[in-house]
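Observations on chain architecture
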Amino acid sequence: MNLKKIFFYTLISLFTTISSSVYAQKDYKLWLQYDKKSNPEIIAGYLSNLQGIVSLENSKTSSIAVNELEIGLNAMLDSKIQINSKSDGENKIIIGSKSSLNSEILKLLKTDFDQINDEGFIIKSISLKNKKHIIITAKKDVSVLYGVYGFLRLVQTNKPIQNLNIVDSPKTNIRILNHWDNLDRTVERGYAGFSLWNWQKLPDYIDQRYIDYARANASIGINGTVLTNVNANALILTPQYLEKVEALANVFRPYGIKVYLTARFSAPIEIGGLKTADPKDAAVAKWWKEKAKEIYKRIPDFGGFLVKANSEGQPGPQNYNRDHVDGANMMADAVAPFGGVIMWRAFVYSEHDASDRAKQAYSEFVPYDGKFKKNVIVQVKNGAIDFQPREPFHPMFGAMPKTPLMMEFQITQEYLGFSTHLAYLPKLFQEVLESDTYQKGKGSTVAKVVDGTLDNHKLTGIAGVANIGNDLNWTGHPFGQANWYGFGRLAWNPYLDSEVIADEWIRSTFSNDYNFIKPVKEMMIESREAVVNYMTPLGLHHIMDTGHHYGPGPWVSNLSRPEWNPVYYHKADKNGIGFDRSKTGTNATAQYASEVEKIFGNIETCPETDLLWFHHVSWDYKLKNGQTLWNGMALKYQEGVNQVKEMQDTWNKTEKYVDSERFKEVQMLLGIQYKEAKWWRDACLLYFQQYSGKELPAGVEKPTQTLEYFKSLKFPFAPGN
Ligand code: GCV
């Protein structure tokens, strides 16, 4: 190669390295892009109200808050706003917690402080000695940080900042991510690379990622993280690992994030040298008490334990003929002296129980109502099966008035196309939260159960199974970031509208340009329904392929446990399709309040979106649109495919508003989603056609492969398994 050529190639490679790292940073920055505003008038408008930042206190958290304001405002407004400039000017942002405020400000904010809880904040335009300022304050410094992020969100999303009067408090206490991360860094149902936690290098090596993770979570009000998989490994409770957990807790603390761990019920045997883990055994109870003491000595604000017991092969109190109450209460006693909580999961179903799987958690847990200790909260998945693209709300919500119940959503897309499919999940979360349980009459929504207002509980929470890994963009799919963001926002306030959240996220992550926001928001809003349509329309569920849950597998019928087989769920035969859970079937509908039972239990009133969840329906049944069930189902599958095509068309028109890396990433992923949507449609329709014996209706594309072909597909290395 001659010298000229070498120079040329060096330049090219230098350029590629620089440009790819710049792009990569955009992806990495999540919703905290703080892009410079393009309109000088908007910048000038903001700057006229932002002449300086005055911080009234001095703590790690308050310097994070000041730093965040400085980074965010200076970047967005292309300025150099002065910090701690003299307070005698005007148009300052004053930040500090209640204890740092002078009597003049305290007097002004008296009624506002009465309205907020410990984690709430106030953002208010005030006048001090006839000078206008904006105050961001709260009862604790970490809540001031929430206020700072709230304020930055206003600027990020181009909202006015004159005459501010925001008084906002989270409606739940525990807003927490559940990481299903294993100690070898694999992530169960994780599709965004390996675990963030580098156990090998901890405690001495603090990866910048830990700090950025804490910052991102704090910015949306998440205040807890369970570091380890619910399919737990007892080793995490050994001193060797606790030292590492302590290091993470120290990083997260200034951001208001408490660390929790999963507890393997058999840990007293596995790492404690005991012969039993029987919760009624005095030595076992003592072992947990000692373990709690040891943990709290290292981590005084340790949150507590999350426990999966006697579920899918995990050990639990039933191994000793005890029950969930015995197990949970024994552990609750261990953490109670330190203010810890036990999040006890209700995700149970047994191979020894022949009743409908959808009924089992309710049947087992509802009789325990009122029997758990005060610091136990029962964690319930949003639906009674398992994070399907659509499930009716879990009948346990509202059915245990004397027990705090927390919501468990899945942010990672185990059943919604992994990190390859664009599915905006806050839409799903909102649908569940808005569902009316009728347990205390009309208006007894799931949100009211979760925020404790329905039954007057003080201990409340929402958990989300994290979709985060060490991929550069955190979540595998750039739009997966919206699910993390939206989860946090809904955990803070379960009454928020998912469309408003999408708007905020798009503006903070991509652009404030209406021409971009409008179509992209519509695409996001429709995306979850598209997934339902091409995977499991009309209430179908759990028909994905075995184990890894990647792709369709409605034909699977050979697994040892009946309820692991898709045929158990769809029950397709010559007469029709669907699971009869009404009075004529398993009577699972009786687990709901009578008003809801009546609606779900009657094929005429059951929402068509849940039809095959609750009823076995004849192929010729007439749907509301006049189509037969077979035709309507086939058309739904086609509609799902068409919707993905529209998503592709929408995205292709956004190129000029997005950096090329994210544009291409999403474009490629939508290409895969389109292919896979067709795979789902073709495989499911060919399979069900064997039972319906009917032709595909006009408007549904002919499958290009045979059923045998689809059945032959195997994915031994599908991720997340
Ligand atoms: C962590 C489903 C998933 C499992 C998961 C389980 C649970 O069954 O497929 O991977 O295990 O739910 O929530 O405990």
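Read on for a plain summary of the structure. (Residues numbered from 1 in each chain as written. Predicted model: local features only at pLDDT ≥ 70, side-chain atom pairs only at ≥ 80, totals over all residues. Heavy atoms only, no water.)

Points about the overall build of the protein chain
Going by this rule: For the purposes of this entry, the term helix denotes a DSSP run of H or I that reaches at least four residues, the term strand denotes a run of E that reaches at least two, and both are numbered from the N terminus. Both definitions apply: the radius of gyration is a C-alpha atom measure, and the globule rule equals 2.2 Å times residues to the power 0.38. A 1.4 Å probe rolled over the protein chains alone gives each residue an accessible area, and that area as a share of the maximum for its type sets the label: buried under 20%, exposed over 50%, partly exposed in between. What makes two residues a contact is simply this: any of their non-hydrogen atoms within 4.5 Å. In these tables, accessible area is a Shrake-Rupley quantity obtained with a 1.4 Å probe, and a residue counts as shielded only by the protein chains included in the view. Residues scored as charged are limited to Lys and Arg (positive) and Asp and Glu (negative), so that His and the chain ends carry no count. For the purpose of locating charges, the reference atoms are NZ of Lys, CZ of Arg, CG of Asp and CD of Glu.
The secondary structure content of the protein chain amounts to 23 helices and 15 strands. Scaling as 2.2 N^0.38, a compact globule of 721 residues should have a C-alpha radius of gyration of about 27 Å, and the protein chain matches this with 27 Å. Dimensions of the protein chain along its principal axes, counting C-alpha atoms only, are 80 × 75 × 65 Å. Considering the protein chain as a whole, with its 721 residues, one finds that 60% of them fall into the buried category. Taking all contacts inside the protein chain whose residues are at least 6 apart in sequence as the whole, residues at least 24 apart take part in 73%. For the protein chain, the accessible surface area stands at approximately 28,200 Å², while carbon and sulfur atoms represent 52% of it. A gap of 3 Å separates the mean positions of the 82 positive and 79 negative side-chain charges of the protein chain.

Topic: helix 8 (residues 239-252)
Counted only if it meets this: To estimate the expected span of a helix, subtract one from its residue number and multiply by 1.5 Å.
Over its 14 residues, helix 8 extends 20 Å from the first C-alpha to the last, a length consistent with the 20 Å expected when each residue adds 1.5 Å. Considered for burial, the residues of helix 8 that qualify are Y241, L242, K244, V245, A247, L248, A249, V251 and F252. Buried residues along helix 8 sit against helix 7 (208-219), strand 7 (224-226), strand 8 (258-262) and helix 10 (282-298).

Section: the site of the ligand
In plain terms, the rule: If a single non-hydrogen atom of a residue is within 4 Å of a molecule or strand, that residue counts as near it. We define a polar contact as two N or O atoms separated by no more than 3.5 Å, with the added condition that, inside protein, one atom must be a possible hydrogen donor and the other a possible acceptor, whereas residues neighbouring each other in sequence contribute only through side-chain atom pairs. Cavities and pockets are defined on a 1 Å grid built over the protein atoms alone: a cavity is a set of grid points where a 1.4 Å probe fits but cannot escape, while a pocket is an open set with protein on both sides within 12 Å along at least five of seven lines, and lining residues are those with an atom within 4 Å of any such point. For this analysis, a molecule is said to be in a pocket or cavity if more than half of its atoms are within 2 Å of the grid points defining it.
The ligand sits among 15 residues. The nearest are E188, K308, R345, K381 and E414. In the environment of the ligand, an oxygen atom lies 2.9 Å from a nitrogen or oxygen atom belonging to the side chain of R189. In the environment of the ligand, an oxygen atom lies 2.7 Å from a nitrogen or oxygen atom belonging to the side chain of R345. Bound to the protein, the ligand loses 96% of the 330 Å² it would expose on its own. Among the cavities detected, the one that contains the ligand is the largest pocket.

Details of the sheet that holds strand 4 (residues 131-138)
For clarity, the threshold we go by: Strands are labelled as partners when DSSP assigns at least two bridges between them. Axis lines are fitted through C-alpha atoms, for helices just across the contact stretch, and the angle between N-to-C directions can take any value from 0 to 180 degrees.
Taken in spatial order, the five strands make up an open sheet running 1-2-4-3-5, and their pairing is mixed. Since the sheet does not close on itself, it has two edges, and those belong to strand 1 (52-55) and strand 5 (165-168), each with one partner. Sheet twist, expressed as the mean angle between neighbouring strand axes with direction ignored, is 25 degrees. Of the strand pairs in this sheet, strand 2 (residues 92-95) and strand 4 are connected by four bridges, and their pairing is parallel. Residue pairing in the sheet places K92 in a bridge with H133 of strand 4.

Quick word on the sheet that holds strand 11 (residues 376-381)
Reading around the barrel, the eight strands line up as 6-7-8-9-10-11-12-13 and close back on themselves, with parallel pairing between neighbours. Between one strand axis and the next, the sheet turns by 25 degrees as a mean value, whatever way the strands run. Direction of pairing for strand 7 relative to strand 8: parallel, over a ladder of three bridges. Paired with G224 across the bridge in strand 8 is K258.

Digging into the nonpolar core
Keep this limit in mind: Residues belong to one nonpolar core when they are buried, are Ala, Val, Leu, Ile, Met, Phe, Trp, Tyr or Cys, and are joined through side-chain atoms within 4.5 Å.
In terms of nonpolar packing, the biggest core is built from 224 residues, with F151, F305 and F688 touching the most fellow members. For this core, the element with the highest residue contribution is helix 22 (residues 660-692), accounting for 13 residues. When residues no more than four places from it in sequence are discounted, the contact partners of F688 are L540, I543, P554, H570, A572, I577, W619, W630, M633 and Y637. V54, I94, I105 and I135 belong to the second-largest nonpolar core, a separate cluster that totals eleven residues.

Everything listed here is a matter of coordinates, which is why it stays silent on function.
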